[in-house]
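These are the residues of each chain, in order.
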Amino acid sequence: MNDLLRIRSLSKRYDGFDLKDIDLTVPAGSVVGLVGSNGAGKTTTIKSVLGLVFPDAGSIELFGQNVGEHASAKAVKQAKQRVGVVFDTCSFPEEMTVEAVGRLMSYSYEAWSAADFEQRLAQFELPKNRAVKDLSRGMSMKLSLACALSHDPDLLILDEATAGLDPLARDATLDCLRDYMRDERHGILMSSHITSDLEKIADYVVCIDEGRIVFSVEKDAITDLAGIAHCRAAEFERIAASGFFAPGELRSLRHPYGIDVLAPDRFAFSESFKGVALDKADIDTYLALMLKGEIR
Amino acid sequence: MKAMVVSDFMIAKKYLIQQLITASIVGVFIAIMLETPYVVAPAVGVMIPFSLSIVILSLDERADWQQFRLALPLTRADIIRGRYASLALISLAGVVGGLLVTFLLVALAHAVPSVPQLASLLVDYSWQAIAFACVASLVIILLMLSLIMPLFSRFGMTKGVRYLPLVVVFAVVIGFQVGGNSVPAELLSNVGNLLETPAGTAAVAAGTLAVVAALYAASAALSVKLYAKREL
């Protein structure tokens, strides 16, 4: 399987913030969700890939081509021809009309398809003569998505692209992304706070916190395999003393009415602790336990 | 680079007519007040490109447009060179606009000589002076852009404006030093004599434009270097 994006040991230092040793891969045919709290380093990682900031160390490859340190401007430009980008805001000049935005994109991307763009405008019901400033949040994000897709990119980079959209608009966006992913050469790197979106579409989930990768797993390892055990204090002590978890592997969060324990394999856990209430994990709970959980 | 020029023109187009009307009213008003048609071209030729440049530069910082633009398949050098090209073209358009308004005003003065405010515009009318006024407006706006663009390329509009007074003061001091110490009086006198003849006016205009074009190109080269290091 070839990698569309490969980041190795990426580091970037700012005053009061340190992105350190980020490793991240987007294989062809997969959607990688990037999660983490605000200021964790997700956007800095994306900006590094797009050449908006300069990493202090590490390597970045797009389609096998170095686009990081010492990369030629021409090579970076060629690689970006194969990338579609959507930021959390519609970034086009506000006075431009939808039609003018399409014209501008046609001068930027060699593979731009005016017919494809027109079709997406019709699909998204975007009026061509409306100015960007007059579009609603949902419409402006649809325009951004139409622009990101109309040159048939191999890699989509979405930075909080579904933030602020209502559930229907988010579903429409996800449908569009699913349609895009029918081609196995395509891939998506998608940073989002809306983990339910990632549960619907991601293949891998990478969590960054305070500039470090906390976990990088297949989504199914969270949503299909992992579980959250809800214990009383006595049950928790029994689990901790059982040796089921290796030292440093038991993660728990205390609540007023009990203790949640992260079970990486809920089937094995339920075999060992039959009386303990156990739910399937979701990304949100998994994230909370991984980031805020007490380790024992 | 073409994408950059196109995007700047799409933004400029929206404001061009509005600015042309405003600048024409101002230019014609000053011309009638001062009883000379030669101020129209500089007024229109400087006001239009200056205001459009500010609009274009300020829109860079709205809604992360400058970040998104850099995420497109454009090199940093493409962005700066494209910006300089579009601002130069807008400056030329401003001069052409100024020239057209001047001709319209002069034509009106010829058509209605009974209006004293218009008739006074035709006293000592000379195409050489009009040409010189056009070149002067182009020189003024290109020098201004040469001065501010490296600053805005490095810091962006919002932050760059804070340093602008410093750069202007340095430029004025250096300008006075160069003008006062390095330009011989004889040269100035010769230039004055050249301006008396049509061929001389054309030569001085071409020479001045060549010097300013060189400065503009040097400013662009500096901006490319500064923008190459800017993080967005």
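Going by the structure above, here's the rest.
Read on for an overview of the structure. Quick caveat, the model's predicted, so the values are computed rather than measured.

### Side note on the overall build of chain B
Helix and strand content of chain B: eight helices and zero strands. For chain B, the α and β elements follow one another from N to C terminus as α-α-α-α-α-α-α-α. Dimensions of chain B, computed from the C-alpha atoms along their principal axes, are close to 60 × 45 × 30 Å. Counting across all 232 residues of chain B, residues that qualify as buried make up 44%. Counted over contacts in chain B with a minimum sequence separation of 6, partners at least 24 positions apart contribute 80%. Accessible surface computed for chain B: about 11,300 Å², of which carbon and sulfur atoms make up 74%. The average position of the 14 basic charges and that of the 10 acidic charges among the side chains of chain B differ by 15 Å.

### Notes on the layout of surface pockets
Reported here for the largest pocket is a volume of approximately 850 Å³. Taken together, 25 residues line the largest pocket, and the ones lying closest to its centre are B:Leu143, B:Gly175, B:Val178, B:Val211 and B:Leu215. Elements represented by at least two residues in the lining of the largest pocket include exactly helix H6 (127-182), helix H7 (185-194) and helix H8 (198-228) of chain B. Class assignment for the residues of the lining of the largest pocket results in 20 nonpolar, five polar and no charged. Approximately 480 Å³ is the volume found for the second largest pocket. Along its surface, the second largest pocket is lined by 23 residues, and A:Gly51, A:Phe54, A:Ala71, A:Val76 and B:Arg76 are the ones closest to its centre.

### A few points about the side chain of A:Ser144
Residue and element names in this part refer to chain A. In this fold, Ser 144 is placed in helix H5 (residues 137-149). Taking the relative accessible area as the measure of exposure, Ser 144 reaches 3% and is therefore buried. Setting aside residues no more than four positions away along its own chain, Ser 144 makes contact with Val 85, Val 86, Thr 89, Cys 90 and Phe 92.

### Regarding the pairing of strand S6 (residues 83-86) of chain A
All names here are of chain A. Where burial is concerned, the two faces of S6 agree: the one with Val 83 and Val 85 and the one with Gly 84 and Val 86 are both buried. Bridge count between S6 and strand S7 (residues 155-159): four bridges; the pairing is parallel. In the sheet register, Gly 84 faces S7, and the bridge partner there is Leu 156.

### Focus on empty space enclosed by the protein
All names here are of chain B. Taken as a whole, this structure holds two cavities of 30 Å³ or more when the rule is applied. Counted as a void, the largest cavity has a volume near 140 Å³. Going through the elements one at a time, helix H3 (65-71), helix H4 (76-111) and H6 are the ones with two or more residues in the lining of the largest cavity. The biggest single contributor to the lining of the largest cavity is H6, with five residues.

Criteria and cut-off values
Residues numbered from 1 in each chain as written. Chains lettered and ligands numbered in written order. Predicted model: local features only at pLDDT ≥ 70, side-chain atom pairs only at ≥ 80, totals over all residues. Heavy atoms only, no water. Helix = DSSP H or I, 4+ residues; strand = E, 2+ residues; numbered from the N terminus. Buried < 20%, exposed > 50% of the residue type's maximum accessible area, 1.4 Å probe, protein only. Contact = heavy atoms within 4.5 Å. Areas by Shrake-Rupley, 256 points an atom, 1.4 Å probe, with all protein chains shown as cover. Lys, Arg positive; Asp, Glu negative; His and termini not counted. Charge placed at Lys NZ, Arg CZ, Asp CG, Glu CD. 1 Å grid on protein atoms, 1.4 Å probe; cavity = no way out; pocket = protein on both sides within 12 Å on 5 of 7 lines; lining within 4 Å. Points joined across faces, edges and corners; volume = space filled by probe spheres on them. Nonpolar A, V, L, I, M, F, W, Y, C, P; charged D, E, K, R; others polar. Pairing = 2+ DSSP bridges.

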